[in-house]
Amino acid sequence: MSSPTRPATRTAIAAIGLRKAYGEKVVLGGVDLSIGEGEVFALLGPNGAGKTTIVRILSTLIPPDAGTATVMGHDLRGGAGAVRAVIGVTGQFSAVDNLLTGEENLLLMGRLLHLPAAERRARAAGLLERFDLVDAAKQTPATYSGGMKRRLDIAMTLMGRPRLIFLDEPTTGLDPRSRYTMWQIIRDLAAEGVTILLTTQYLEEADQLAHRIAVLDRGRIVAEGTPDELKRRVPGAHIRLRFADATSLDAAARALREGTRNDEELELQVPNERGIRSLRDLLARLGDDIAVEDLSIHTPDLEDVFFALTGSASKEQTR
Amino acid sequence: MTALTTLAMAAQDSATMLWREIKHSIRLLRLLIVTAIVVPVVMLVLFDYVLGETLGHGLGDAARGALYVDYLVPGILVMTVAGGCGPTAINVSVDMTGGFVDRIRTMAVVRGALLAGHVGVSVLRMLVATAAVTAVALLLGFRPKASVEDWFAVVGIVAAFSFALAWLSAAIGLVTKSVAAANGSTLPLSFLLPFLSSTFVPADSMPAGVRWFAANQPFTAVVDSLRALLTGAPAGNTPYLALAWCAAIALVSFLWAQAAFRRGTGDMIRIT
């Protein structure tokens, strides 16, 4: 599922104690980040957690109230110009020019990057090809789907061959197919060695794409690590059994001798530490006489991690 | 970076933004022709043919014996320039709220280039519209008595007024929070101020409450100077007064726009 952790050779982003408040409202309450070159790093959190604010600070859009950060070796304070030369930013809302055609949008970026005319055209043509926008190249984005707009947006970001890309909620609002395409684009970029800082509300997305994840809640990082490390931090896997009546539940509880029972729901939750072996064992002990109405195998996912760490209501309650 | 390459970069980026804004204008051509040319022409026809008879009689000495159309056209030209404010504020606001400003602020693009593009093409649009409306006015019976020197002065004042209002519209586009608000905020410029000036009738014919304001506001200075130059009447110091107003509006708007652009969108909205 998730890609292996890359050994961080050089540091792409190092931030210490980033703080930002708007009036009384504290948006970031002291955030430290260390992201290696070539790494895909996900900031995971709900709306209002401070993800976009971190991106805006690190991409030189707004200054932090306190804290320091270096991006690709340049200090944000004083080195913003040098930072801008090596980063690419794709914001939450597609920043494409709706009155220019797809191709003109790319050429505009090329001009603003001061690329020579021939290179401008060659790169634009290559990116249109790569992002499956050749047929739409001469049309304005008004006719594009959400996924196409997002692809054009990323293509515009790539005109400058950035070594570090910020992707702020790259798949929010996309349909499943477009989301999958976007994931593939991000994987391809990562394979080229581009450092990626992405923000997302989707745990699955972070799990699929990121080498490391920082879970952000109300302006603070509440956990950080690889997807597997984070999953290890919540109580282990279990098997959940549901029965038709209390008699069956009693019988099962006697036969298994472990697990927690829920008499109201007629459920029994049994630890599942050894995967298939636990399951086979469990079925053997239940025998043929105890009628099990439903059986589900539960492995902790990032959602469990998220709810466990952010202290929000449990998954069952919110679903 | 040397001063020369910085200057070259600024010129290149500004040219890019001009190119972009000209493309925008071409894509929006039909809309722009309606707002910038058709609307002033309709105003001209309404006020000249429909209301002109009575208004012309009412002018008395102010008309200096000329037809009402000759009194009216200089005001319509100023209205034409002011009509260009809406599109400019809208285009700036689209960039500001749609993420384009954020995008270029994370790139190594010369800071002033975007606004230079907007303002430059805005002035261009206003001048083209004014020329077109002048041509229609001539077809409808406008008979200016300006000398060649007067015409140069007219073009200069129209250009200066366009420049001032283009910066003002850009600043409005930068500080308003939505495209609709940007458009709405230019209505006083394109509609209210022309009526509260000497565009249609002399300021001293107005009720006491608005008379002082109408007589002393910048639109009146610009209309009066153009009217004097185009009808061959003594212009006095009105051209200098008009140019001073233009310079003041341009300077204040420029500083306002710079401050608003530097502040960006970041500290006001989208704080997640």
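Residues numbered from 1 in each chain as written. Chains lettered and ligands numbered in written order. Predicted model: local features only at pLDDT ≥ 70, side-chain atom pairs only at ≥ 80, totals over all residues.

Quick question: what am I supposed to make of the overall build of chain A here?
In terms of helices and strands, chain A carries twelve helices and 14 strands. If you line up chain A on its principal axes, its C-alpha atoms span 80 × 45 × 35 Å. Taken across its 319 residues, chain A has 41% of its residues classed as buried. Restricting the contact set of chain A to residue pairs at least 6 apart, pairs at least 24 apart contribute 69%. (Helix = DSSP H or I, 4+ residues; strand = E, 2+ residues; numbered from the N terminus. Buried ≥ 20, exposed ≤ 12 C-beta atoms within 10 Å, placed from the backbone. Contact = placed C-beta atoms within 7 Å.)

Would you take a moment to explain the overall build of chain B for this structure?
A count of helical and extended segments in chain B gives 13 helices and zero strands. The N-to-C order of helical and strand elements in chain B reads α-α-α-α-α-α-α-α-α-α-α-α-α. In summary, chain B has a C-alpha radius of gyration of 20 Å against a globular reference of 19 Å for 272 residues, a match within 12%. Seen along its three principal axes, the alpha-carbon backbone of chain B occupies a region of about 60 × 40 × 35 Å. Within chain B, the proportion of its 272 residues that are buried is 49%. For chain B, the proportion of contacts with a sequence separation of at least 24, taken over those separated by at least 6, is 80%. (Rg over C-alpha atoms; globule rule 2.2 N^0.38 Å.)

Help me out: how do you make sense of the domain arrangement of chain A in this one?
Reports often express the size of an interface as the amount of accessible area lost when the parts come together. Domain assignment breaks chain A into domain 1 (11-232) and domain 2 (238-299). When each unit is reduced to the centre of its C-alpha atoms, the spacing between domain 1 of chain A and domain 2 of chain A is 46 Å. (Domains from an automatic or database assignment.)

Whenever I open this one, helix α11 (residues 302-310) of chain A confuses me. Can you help?
One turn of the α-helix equals 3.6 residues, which is why residues spaced by three or four share an orientation. Residues and elements named next belong to chain A. Turning to α11, its buried residues number three or more, namely Leu302, Val305 and Phe306. Down the axis, α11 shows its buried residues gathered within 100 degrees of arc, on one side only. Taken together, the buried residues of α11 touch α7 (203-209), β9 (212-217), β10 (220-225) and α8 (227-232). (Arc of directions from axis to C-beta.)

Would you mind going over the sheet that holds strand β5 (residues 74-75) of chain A with me for this structure?
Picture the strands of a sheet paired through backbone hydrogen bonds; they go either parallel or antiparallel. All names here are of chain A. An order of β2-β1-β4-β5 is seen for the four strands of this open sheet, with the pairing classed as antiparallel. The sheet is open, and its two edges are formed by β2 (25-36) and β5, each paired on a single side. Bridge count for strand β4 (residues 66-71) against β5 is two bridges, and the pairing is antiparallel. Paired with Thr70 across the two strands is Asp75, which belongs to β5. Lying on the sheet, helix α1 (residues 51-58) is in contact with β1 (11-22), β2 and β4; it crosses β1 at an angle near 120 degrees. (Pairing = 2+ DSSP bridges. Axes fitted to C-alpha atoms, helices over the stretch in contact; angles between N-to-C directions.)

Whenever I open this one, the sheet that holds strand β6 (residues 87-90) of chain A confuses me. Can you help?
Residue and element names in this part refer to chain A. What the six strands build is an open sheet, ordered β6-β7-β8-β3-β9-β10; its pairing is mixed. Where the open sheet ends on each side, the last strands, each with one partner, are β6 and β10. Put simply, the sheet's adjacent strands are angled 15 degrees from each other on average, direction ignored. As paired elements, strand β3 (residues 40-44) and β9 share four bridges and run parallel to each other. Counted as the bridge partner of Phe41 is Arg212 from β9. Along the sheet, helix α5 (residues 146-158) contacts β6 and β7 (164-168); its crossing angle with β6, the most-contacted strand, is approximately 165 degrees.

Can you walk me through the interface of chain B and chain A in this structure?
Across the contact, 24 residues belong to chain B and 28 residues belong to chain A. At the level of secondary structure, the elements contributing two or more residues to the side of chain B that touches chain A comprise α1 (3-27) and α6 (100-105) of chain B. At seven residues, the largest contribution of residues to the side of chain B that touches chain A is made by α1 of chain B. Counted by class, the side of chain B that touches chain A contains six nonpolar, nine polar and nine charged residues. (Nonpolar A, V, L, I, M, F, W, Y, C, P; charged D, E, K, R; others polar.)

Quick question: what am I supposed to make of the nonpolar core here?
In a soluble, globular protein the nonpolar side chains are often hidden away together inside. Residues Val78, Phe161, Trp167 and Val222 of chain B are the most contacted members of the largest nonpolar core, which totals 96 residues. The biggest single contributor to this core is helix α8 (residues 148-175) of chain B, with 17 residues. Those residues within four positions of Trp167 of chain B in sequence are excluded, and the remaining contacts are Val119, Ala250, Ser253, Phe254 and Ala257 of chain B. Counting residues in hydrophobic clusters, the runner-up holds 52 residues, among them Ala49, Leu58, Ile165 and Ala214 of chain A. (Core = buried A, V, L, I, M, F, W, Y, C linked by C-beta atoms within 7 Å.)

Looking at this model, I keep getting lost on unusual backbone geometry. Mind explaining?
Backbone phi values are negative for most residues with the exception of glycine, while trans is the configuration of most peptide bonds. All names here are of chain A. Although it is not a glycine, Thr60 sits at a positive phi angle of roughly 75 degrees. Residue position: Thr60 is located in the loop between α1 and β4. Although it is not a glycine, His114 adopts a positive phi angle of roughly 60 degrees. Along the chain, the position of His114 falls in the loop between α3 (102-112) and α4 (117-130).

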